[in-house]
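# Descriptive analysis of the structure
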Amino acid sequence: MSALRRLGPALLPGVFAVVIALVISSGVMAALGVNPFDVFAVMVDFGDTPTRQVTAMVVIVNRAIPLFLAGLAVAIAFRMGLFNIGVEGQYRLATVVAAGVGAAIALPGPLHILVIVLVAMIVAALWAGIVALLKVTRGVSEVISSIMLNFIALGIASYLLTGPLRGSPEGASIISTAKIPESGQMPGLNGVFDAIGLANPPRQLYGFLLVAVVVGAVIAVLLNRTRFGFDLKASGMSPSAASASGVNARAMVVKTMLLSGAVAGLIGLPDLLGNTHSYTTDFTAGLGFLGIAVALLGRNRPLGIALAALLFGFLDRALVPLQIADYPSSVVTIVQGTIVLAVVVANEVARRFARRSAERGTATPSVVPGDGGTGAGQSVDSGGVPVAGTGAGVSRTAGAGQVDDEGRGAQA
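Our subject in this report is the structure included herewith. No experiment lies behind these values; they were computed from the predicted model shown.

Rules used in this analysis
- Throughout, residues of each chain are indexed from 1 in the direction in which the sequence is written.
- For a predicted model such as this one, the threshold for reporting local features is a pLDDT of at least 70, and the threshold for listing and counting side-chain atom pairs is 80 or more; totals across whole chains, interfaces and linings nevertheless cover every residue.
- For the side-chain quantities, the full set of heavy atoms in the structure was used; hydrogens and water were omitted.
- Helix and strand assignments follow DSSP, with helices taken as H or I runs no shorter than four residues and strands as E runs no shorter than two, numbered in order from the N terminus.
- Only the protein chains shown count as cover for residues, and all accessible areas are computed by the Shrake-Rupley method using a 1.4 Å probe.
- The span one expects for a helix is its residue count, reduced by one, times 1.5 Å.
- Burial here depends on accessible area, computed with a 1.4 Å probe over protein chains only, as a share of the maximum for the residue type. Under 20% is buried, over 50% is exposed, and the range in between is partly exposed.
- Each direction from the helix axis to a C-beta atom contributes to the arc, which is the arc of those directions.
- We call two residues in contact whenever any of their non-hydrogen atoms come within 4.5 Å of each other.
- What makes a nonpolar core is a set of buried Ala, Val, Leu, Ile, Met, Phe, Trp, Tyr and Cys residues whose side-chain atoms join them at distances within 4.5 Å.
- The aromatic pairing rule takes the rings of Phe, Tyr and Trp, using the six-membered ring of Trp, and pairs them if the centres are within 6.5 Å, calling planes under 30 degrees apart stacked, those over 60 edge-to-face and the rest tilted.
- Computed over the protein atoms alone on a 1 Å grid, cavities are sets of points where a 1.4 Å probe fits but cannot get out and pockets are open sets with protein on both sides within 12 Å along at least five of seven lines; a residue lines them when it has an atom within 4 Å of a point.
- Grid points are joined across faces, edges and corners, and a volume is the space filled by probe spheres set on the points.
- Polar here means any residue other than Ala, Val, Leu, Ile, Met, Phe, Trp, Tyr, Cys and Pro, which are nonpolar, and Asp, Glu, Lys and Arg, which are charged; Gly is therefore polar.
- Axes here refer to lines fitted to C-alpha atoms; in helices the fit is confined to the stretch in contact. Angles between the N-to-C directions go from 0 to 180 degrees.
- By the definition used in this description, the sense in which the near helix is turned from the far one sets the handedness, with an anticlockwise turn below a right angle giving left-handed and a clockwise turn giving right-handed.

## Comments concerning the overall build of the protein
The helix and strand tally for the protein stands at 16 helices and two strands. When the accessible surface of the protein is summed, it comes to about 18300 Å², and 67% of that surface belongs to carbon and sulfur atoms.

Here you go:
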């Protein structure tokens, strides 16, 4: 019962957002003269043979892996009240450099893959570090600088792809880097299907799934079970209170952005190492921006982000069946957009409900801090989602004896 009470506030906003999104999308489809039930039936139709059904699940999981990593990268920054909108540029630049390095070297199998992964993480972390340095040294908003750096990163990536790292011949319709040797390609996990007696699909399940699971577990432990995670969360809730307890808020900004950028560097690797083996002009784009929606829907918790990534993977997979059935594929875009809108509203409703419950003394109070130190009254709620702060530096509900939504006392 206590576990349900703890999980309820975390799960309800996401469930509420999805339900609202489906209702709004149904209304839009009805207005366009399309039966929403027929559309939803097509979206959940995985095929009539075991092979097609397993293939559909593989497509969803493969799409969910980079979205999960993108959500993690965004969530790490969210935990400290930072908006890392530059994830898009960070992973695109990291992927093209990693593809170029991976194609240029020759190493034994596991070492070759490890070098590619490290190069991607380092490049993205350094690019995100620029945002952090601008913020702590010049006071530049990370929102503005990361948006501007996105354009610069995409320009540099385009230059590298068409210039020094180009591997495709002149006149090719799709420009790409040179192909990564077999030693740098990550094998798939389709052997799992044979082991559990399922049909082996023609499409490979990305081996990077194991890396994503490990990264998610490490991030969960780091944020929730270590002093670094506590300092990060405390700095996001109230920089002044964190500084008073000995936390270097500026150093935490740099560390947080470096960590967020390092995770962002992994986003493009599932496709690069498991499918394309080169960076091309039609390489998957937009994952960084989708990661913001995934992180919000998942309430900045790794498990919630994983579920949100699977939902977005399911929606993306539905595009092709809808087009085949002659339904507007824009339905998926409408659902994704309304989910983002609904989750923002749901988070605000949940925050106000928690505050009122705390004021009545009928529920465990959630920390709603804010001292204006992270921006214009900016702070984070119990799920790490940046919200408008109270401006006083101390929660009106929790006061000096602050506790978080999990009932732990602030040890500042």
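## Side note on helix α8 (residues 208-225)
In this model α8 runs 25 Å from its N-terminal to its C-terminal C-alpha over 18 residues, within 8% of the 26 Å that 1.5 Å per residue would give. Taken together, the buried positions of α8 are Phe208, Ala212, Val215, Gly216, Ile219 and Leu223. Down the axis, α8 shows its buried residues gathered within 100° of arc, on one side only. Residues of α8 that are exposed and angled more than 90 degrees away from the buried face: Leu210, Val213, Val214 and Arg225. In this structure, the buried side of α8 is in contact with α3 (50-79), α5 (109-138), α9 (227-237), α11 (249-264), α12 (269-276) and α14 (302-317).

## Examining the nonpolar core
Counting residues in hydrophobic clusters, the biggest one holds 94 residues, and the most contacted among them are Leu69, Leu269 and Leu273. Of all the elements, α3 adds the most residues to this core, at 14 residues. Those residues within four positions of Leu69 in sequence are excluded, and the remaining contacts are Phe208, Ala212, Val215, Val263, Leu266, Ile267 and Pro270. Formed by five residues, the second largest nonpolar core is a distinct cluster that contains Val54, Leu189, Phe193 and Leu205.

## Side note on the packing of aromatic side chains
The tally for this structure, following the rule as stated, stands at three aromatic pairs. When the ring of Phe46 is compared with that of Phe314, the centres are 6.4 Å apart and the planes differ by 55°; the resulting orientation is tilted. In this pair, Phe46 is assigned in the loop between α2 (36-43) and α3 and Phe314 in helix α14, connecting sequence segments 268 residues apart. Centroid distance Phe78 to Phe83: 5.2 Å. Interplanar angle 85°. Geometry classified as edge-to-face. We classify Phe78 as buried; its relative accessible area is 2%.

## Thoughts on empty space enclosed by the protein
All told, the structure shown has one cavity of 30 Å³ or more when counted by the stated rule. Estimates place the volume of the largest cavity at around 30 Å³. Lining the largest cavity, in full, are Met29, Leu32, Val34, Pro328, Ser330, Val331 and Ile334. It is helix α16 (residues 330-360) that provides the largest number of residues to the lining of the largest cavity, a total of three residues. For the lining of the largest cavity, the per-class residue count stands at six nonpolar, one polar and no charged.

## What about the layout of surface pockets?
Taken as a whole, the second largest pocket spans an internal volume of roughly 710 Å³. Around the second largest pocket, the lining comprises 25 residues; the ones closest to its centre are Thr55, Val59, Arg203, Arg317 and Val320. When contributions to the lining of the second largest pocket are tallied by element, the ones reaching two or more residues are α3, α12, α14 and α15 (319-324). Broken down by element, the lining of the second largest pocket gets its largest block of residues, seven residues, from α3.

## Regarding the packing of helix α4 (residues 87-104) against α5
When two helices pack together, their arrangement is given by the angle between their axes and by how far apart the axes lie. Following both chains from N to C, one finds α4 and α5 inclined at 145°, their axes separated by 8 Å at the closest point. Crossing handedness for the pair α4 and α5: right-handed. Only His112, Ile116, Val119, Ala120, Val123, Ala124, Trp127 and Ala128 of α5 make contact with α4, whose side of the interface consists of Gln90, Leu93, Ala94, Val97, Ala98, Val101 and Gly102. For the contact of α4 with α5, the residue count by class is twelve nonpolar, three polar and no charged.

Geometric descriptors of this kind do not, in isolation, establish any biological role.
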